[in-house]
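# Residue-level structural notes
Residues per chain are reported as follows:
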Amino acid sequence: MSHRSLIAPSILSADFARLGEEINAVAGEGETRADWVHVDVMDAHFVPNLTLGLPVVKSLLKATDLPLDCHLMIEDPDHWAIGYAEAGAYNVTVHVEAASDPVMLAKNLHAAGAKAGLSVKPGTPLEDHLETLKHYDTLLVMSVEPGFGGQSFIPDVLDKVRTARRLVDTGHLNVIVEIDGGINADTIEQAAEAGVDCFVAGSAVYGAEDPGKAVAALRAQAAAR
Ligand SMILES: O=C(CO)[C@H](O)[C@H](O)COP(=O)(O)O
């Protein structure tokens, strides 16, 4: 891996009544500063949980200068994703299992000024979506079934990460490999070794006494690999 590991705390594990403050807890200086803030948008249809939507994301964009990495776990992202890009989200990730025309969707996200992310659930093979991936900037490999924070990491997805790393490197694709679910002090090194560039961590950051220090510790562990 040629660049620094990225750490993206997931606010799914933060206190929703204090989201601005919770983001500021990972917006300090140096190694305690998160690279992106991961925002889990869930619609209670694509996943069995309901979180937040565009109005909250618009408020968060005013509350921080950290880039927002919006992960849409929703039905019909072809319709809804553009609003997040137009609002100013840095990266808008849609699920390949939910998108009707993911190539057109990536083009529309780019036209609206955002990076485009493609996510795959643990059981979704990557090989079927290689042509699509070429249009995207990030690949979010889910290492838990999407829907809830605090679940255990699924080690089988490491094979998919290795495949992704190989495809990105050999194909010279400008794609950041991101992982989400169960990333903590016990799992981040294996994910880094498999080739992950960007690590989403919810409970490992917001369950810690000092979220900024947790960011720094995770980054150091990832870099050690
Ligand atoms: O997308 C998600 C769940 O669908 C969350 O981002 C993810 O699970 C992060 O939480 P944790 O690090 O606690 O597993």
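Residues numbered from 1 in each chain as written. Predicted model: local features only at pLDDT ≥ 70, side-chain atom pairs only at ≥ 80, totals over all residues. Heavy atoms only, no water.

### Description of the nonpolar core
Counting residues in hydrophobic clusters, the biggest one holds 63 residues, and the most contacted among them are I11, V39, L72, V92, I179 and F199. Residue contributions to this core peak at 6 residues, all from helix α6 (residues 157-170). Non-local contacts of I11, meaning those with residues more than four positions away in its chain, are made with F16, L19, I23, V37, H38, V39, L52, L60 and Y206. Ranked by size, the runner-up nonpolar core spans 8 residues in total, among them L6, A8, M142 and C198. (Core = buried A, V, L, I, M, F, W, Y, C linked by side-chain atoms within 4.5 Å. Buried < 20%, exposed > 50% of the residue type's maximum accessible area, 1.4 Å probe, protein only. Helix = DSSP H or I, 4+ residues; strand = E, 2+ residues; numbered from the N terminus. Contact = heavy atoms within 4.5 Å.)

### Side note on the layout of surface pockets
By volume, the largest pocket amounts to about 240 Å³. Elements that contribute at least two residues to the lining of the largest pocket include exactly β2 (37-42), β8 (198-201) and α8 (203-206). Per-class residue counts for the lining of the largest pocket are 11 nonpolar, 11 polar and 2 charged. (1 Å grid on protein atoms, 1.4 Å probe; cavity = no way out; pocket = protein on both sides within 12 Å on 5 of 7 lines; lining within 4 Å. Points joined across faces, edges and corners; volume = space filled by probe spheres on them. Nonpolar A, V, L, I, M, F, W, Y, C, P; charged D, E, K, R; others polar.)

### Description of the environment of L126
With respect to the element layout, L126 can be found in the loop between β5 (115-120) and α5 (130-133). For L126, the residues in contact, after removing those within four places along its chain, are V120, L139, K160, A164 and L167.

### Here we look at the site of the ligand
Lining the immediate environment of the ligand, one finds 22 residues, of which D40, G147, D180, G202 and S203 sit closest. Taking D40, its side chain carries an N or O atom lying 2.7 Å from an oxygen atom of the ligand. G202 is positioned such that a nitrogen or oxygen atom in its backbone is 2.8 Å from an oxygen atom of the ligand. In the complex, 100% of the free accessible area of the ligand, which totals 360 Å², lies under the protein chains. The site holding the ligand turns out to be the largest pocket. Listed by contribution, the elements that provide at least two residues to the shell around the ligand are β2, β3 (68-73) and β8. Grouping the constituent residues of the shell around the ligand by class yields 9 nonpolar, 11 polar and 2 charged. (Near = heavy atom within 4 Å. Polar contact = N/O pair within 3.5 Å; in protein donor to acceptor, adjacent residues only side chain to side chain. Areas by Shrake-Rupley, 256 points an atom, 1.4 Å probe, with all protein chains shown as cover. Sits in = over half its atoms within 2 Å of the grid points.)

### Some remarks on the packing of helix α2 (residues 54-63) against helix α3 (residues 77-87)
A pair of packed helices is captured by two measures, namely the crossing angle of their axes and the spacing between those axes. Running from N to C, α2 and α3 cross one another at 15°; their axes reach a closest spacing of 10 Å. By the angle between their directions, the pair α2 and α3 is classed as roughly parallel. The way α2 lies across α3 gives a crossing that is right-handed. Listed contacts from α3 to L54, V57, K58 and L61 of α2 are G83, Y84 and A87. A class-by-class count of the residues in the contact of α2 with α3 yields 5 nonpolar, 1 polar and 1 charged. (Axes fitted to C-alpha atoms, helices over the stretch in contact; angles between N-to-C directions. Parallel < 35°, antiparallel > 145°, perpendicular 65-115°, else oblique. Left-handed = near helix turned anticlockwise from the far one by under 90°.)

### Looking at the UniProt feature "binding site: a divalent metal cation" (unreviewed entry) in the protein
Mapped onto this numbering, the UniProt entry gives "binding site: a divalent metal cation" (unreviewed entry) at H38, D40, H71 and D180. Despite a sequence span of 143 residues, these residues sit close together in the fold, their greatest C-alpha distance being 10.5 Å. In the annotated set above, the residues contributing to the lining of the largest pocket are D40 and D180. Assignment of secondary structure puts H71 in strand β3. (UniProt positions renumbered as here; feature names shortened; annotations may be inferred.)

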